[in-house]
Amino acid sequence: KAKAEGKAHAQIFHEELDTEYRYRQRLKAELRACVAAKGLSLAYQPLIDLRTRRVVACEALARWHHAELGTIPPSVFIPIAEETGLISDITRWVLETATRDCRTWPDEVSVSVNVSARDFRIGNVADLVHDALANSGLAAHRLEIEVTETALIEQRDAATKVLGLLAREGIGIALDDFGTGYSSLSYLQALPFTKLKIDRSFVADIATNPRSLKLLSNVAQLGKDIDLIVTAEGVETDAQLDLIEANTGIDQIQGYLFGVPLPRGKVAQIITRMGQSARPATRKQKQG
Ligand code: C2E
Ligand code: MG
Ligand code: MG
Ligand code: MG
């Protein structure tokens with residue numbers, strides 16, 4: 001009996017794997033078609049300067065809405081794009097679209113674009129950036145490239161070379177999700193970063209855990225000491241915002257409190273509104 005059961009389980013396991021495999025194969029094919037048809041969209045999430053309360057930048061985040069499969073998150077399709085090499089076409093498209101959209105925003109608002117390890121391996125990141133800037137006419141200092149520690153581990157030499165070149169041209173270079181990778185501090189020394197984006201896991205429980213707050217403020221101080229702009233990701237509550245303001249030297253915040261990633265039209269409205277208001281939208285509503 002046990003043997004029969006084991007066999008049945010193996011069968012189910014096999015079918016699940018098969019379904020999973022076929023689903024991924026389908027996603028690959030669909031993603032390829034979607035990218036070719038320029039069917040992805042971009043959402044923009046504002047980064048707020050804590051001192052002025054103005055939008056200083058927006059991060060471009062790729063979105064894939066599939067007619068039958070629904071919305072597929074970047075945590076699913078970006079790895080597929082990396083695996084298949086499609087990422088290069090996506091990065092090109094994101095850079096072109098984001099720089100073009102940024103040109104419609106006030107001069108003091110920049111745009112940031114995520115670049116992956118595979119892009120560095122393919123080796124055309126500088127070309128993609130230069131093409132996007134030339135086609136859009138956006139000033140170099142209004143573009144920022146975000147890279148993760150993971151990308152740097154995989155492609156350290158290629159990334160160091162390209163990012164050095166782009167930094168000399170005035171393009172911002174941000175270390176994204178800081179603290180979640182292997183966090184080798186030597187990256188901070190060797191690469192031309194202009195910004196440190198502290199991962200949202202460092203923000204998540206600062207309101208309930210004093211050690212977390214200490215950790216966040218010390219990581220922020222590390223960034224400030226080497227003259228980086230320091231951003232906190234994932235700020236969701238007023239309590240977190242107040243603690244960050246009172247206890248850390250963090251310059252900019254990004255998170256659901258000030259705005260979720262929004263389509264181009266909506267983010268333009270937020271830029272206009274925050275340009276005039278001194279408080280986050282959510283607080284203004286609460287105060288009546
Ligand atoms: P990321 O670059 O760290 O982007 C920030 C992610 O955190 C976004 O998720 C954003 O929606 C989410 N987020 C922002 N504020 C909050 C908050 O207050 N709370 C919580 N819980 N989450 C918040 P998203 O859009 O799902 O993107 C996930 C990741 O996918 C990105 O992380 C980035 O690594 C990657 N990604 C997205 N678009 C692109 C792209 O165009 N190219 C590449 N290479 N990667 C991309
Ligand atoms: Mg990012
Ligand atoms: Mg990030
Ligand atoms: Mg993150």
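This is a predicted model, so every value here is computed, not measured. (Residues numbered from 1 in each chain as written. Chains lettered and ligands numbered in written order. Predicted model: local features only at pLDDT ≥ 70, side-chain atom pairs only at ≥ 80, totals over all residues. Heavy atoms only, no water.)

1. A look at the overall build of the protein chain
Next up, step 1: Regarding its fold elements, the protein chain presents twelve helices and nine strands.
Next up, step 2: Taking 19 Å as the expected radius of gyration for a compact globule of 288 residues, we find that the protein chain reaches 21 Å, a close match to that expectation.
Next up, step 3: With the principal axes as the frame, the protein chain shows a C-alpha extent of 70 × 50 × 45 Å.
Next up, step 4: Expressed as a percentage of the 288 residues in the protein chain, the buried residues total 46%.
Next up, step 5: Considering only residue pairs separated by 6 or more positions, the protein chain has 68% of its internal contacts joining residues 24 or more positions apart.
Next up, step 6: With the model as given, the accessible surface of the protein chain reaches about 14,600 Å², and the carbon-plus-sulfur share is 52%. (Helix = DSSP H or I, 4+ residues; strand = E, 2+ residues; numbered from the N terminus. Rg over C-alpha atoms; globule rule 2.2 N^0.38 Å. Buried < 20%, exposed > 50% of the residue type's maximum accessible area, 1.4 Å probe, protein only. Contact = heavy atoms within 4.5 Å. Areas by Shrake-Rupley, 256 points an atom, 1.4 Å probe, with all protein chains shown as cover.)

2. A word on the environment of A139
Next up, step 1: Structurally, A139 can be placed in the loop between α5 (125-136) and β5 (143-148).
Next up, step 2: Spatially, the C-alpha atom of A139 lies 49 Å from that of D18, the residues being 121 residues apart in sequence.

3. Here we look at the layout of surface pockets
Next up, step 1: There is about 1,200 Å³ of room inside the largest pocket.
Next up, step 2: Elements represented by at least two residues in the lining of the largest pocket include exactly β2 (55-66), α2 (74-84), α3 (87-102), β4 (110-114), α4 (117-122), β5, α6 (149-154) and β6 (172-178).
Next up, step 3: Its residues assigned to classes, the lining of the largest pocket comprises 15 nonpolar, twelve polar and 13 charged. (1 Å grid on protein atoms, 1.4 Å probe; cavity = no way out; pocket = protein on both sides within 12 Å on 5 of 7 lines; lining within 4 Å. Points joined across faces, edges and corners; volume = space filled by probe spheres on them. Nonpolar A, V, L, I, M, F, W, Y, C, P; charged D, E, K, R; others polar.)

4. Topic: the coordination of the magnesium ion (ligand 2)
Next up, step 1: Surrounding the magnesium ion (ligand 2) are the protein donor atoms E59 (OE), N114 (OD1), E146 (OE) and D176 (OD), at 2.0 to 2.2 Å.
Next up, step 2: Written as a sequence motif, the donor residues of the magnesium ion (ligand 2) are E-x54-N-x31-E-x29-D.
Next up, step 3: For the pair the magnesium ion (ligand 2) and the magnesium ion (ligand 3), the metal-to-metal distance amounts to 3.6 Å, and D176 bridges them. Placement of N114 in strand β4 and of E146 in strand β5 is noted, with a sequence separation of 32 residues between them.
Next up, step 4: For N114, a relative accessible area of 29% puts it in the partly exposed group. (Donors = N, O, S within 2.8 Å, 3.2 Å for Na, K, Ca; no water.)

5. Description of the packing of α5 against helix α7 (residues 156-168)
Next up, step 1: The contact between α5 and α7 brings their axes to 9 Å, and the two run at 25°. Of the possible angle classes, the one that applies to α5 and α7 is roughly parallel. Across from V125, A126, V129 and H130 in α5, the residues of α7 making contact are V162, L165 and L166.
Next up, step 2: Tallied by class, residues from the contact of α5 with α7 come to six nonpolar, one polar and no charged. (Axes fitted to C-alpha atoms, helices over the stretch in contact; angles between N-to-C directions. Parallel < 35°, antiparallel > 145°, perpendicular 65-115°, else oblique.)

6. Let's talk about the nonpolar core
Next up, step 1: Counting residues in each nonpolar core, the largest one holds 79 residues, and the members touching the most others are L143, I145, F193, I244 and I253.
Next up, step 2: In terms of residue count, the dominant contributor to this core is α3 (seven residues).
Next up, step 3: What I253 contacts, discounting residues up to four positions off in sequence, is P46, L47, I48, L50, T231, A232, V235, L241, I244 and F258. (Core = buried A, V, L, I, M, F, W, Y, C linked by side-chain atoms within 4.5 Å.)

7. Topic: the pattern of salt bridges
Next up, step 1: This model, assessed by the stated rule, comprises twelve salt bridges.
Next up, step 2: Of the charged contacts in the structure, one is a salt bridge between E59 and K197, with a shortest N-O distance of 2.9 Å. Taken together, the positions of E59 in strand β2 and K197 in strand β7 (residues 195-198) put the pair 138 residues apart, joining distant regions of the chain.
Next up, step 3: The exposure class assigned to K197 is buried, which follows from its relative accessible area of 0%.
Next up, step 4: Between R264 and D101 there is a salt bridge; the shortest N-O distance is 3.2 Å. Pair noted here: R264 is in helix α11 (residues 264-276) and D101 is in helix α3, with a separation of 163 residues, a long-range link.
Next up, step 5: You can call R264 partly exposed: its relative accessible area is 47%.
Next up, step 6: Residue D101 is classed as buried on the basis of its relative accessible area of 5%.
Next up, step 7: Each of R24, K28 and E83 takes part in one network of salt bridges that share partners. (Salt bridge = Lys/Arg side-chain N within 4 Å of Asp/Glu carboxyl O.)

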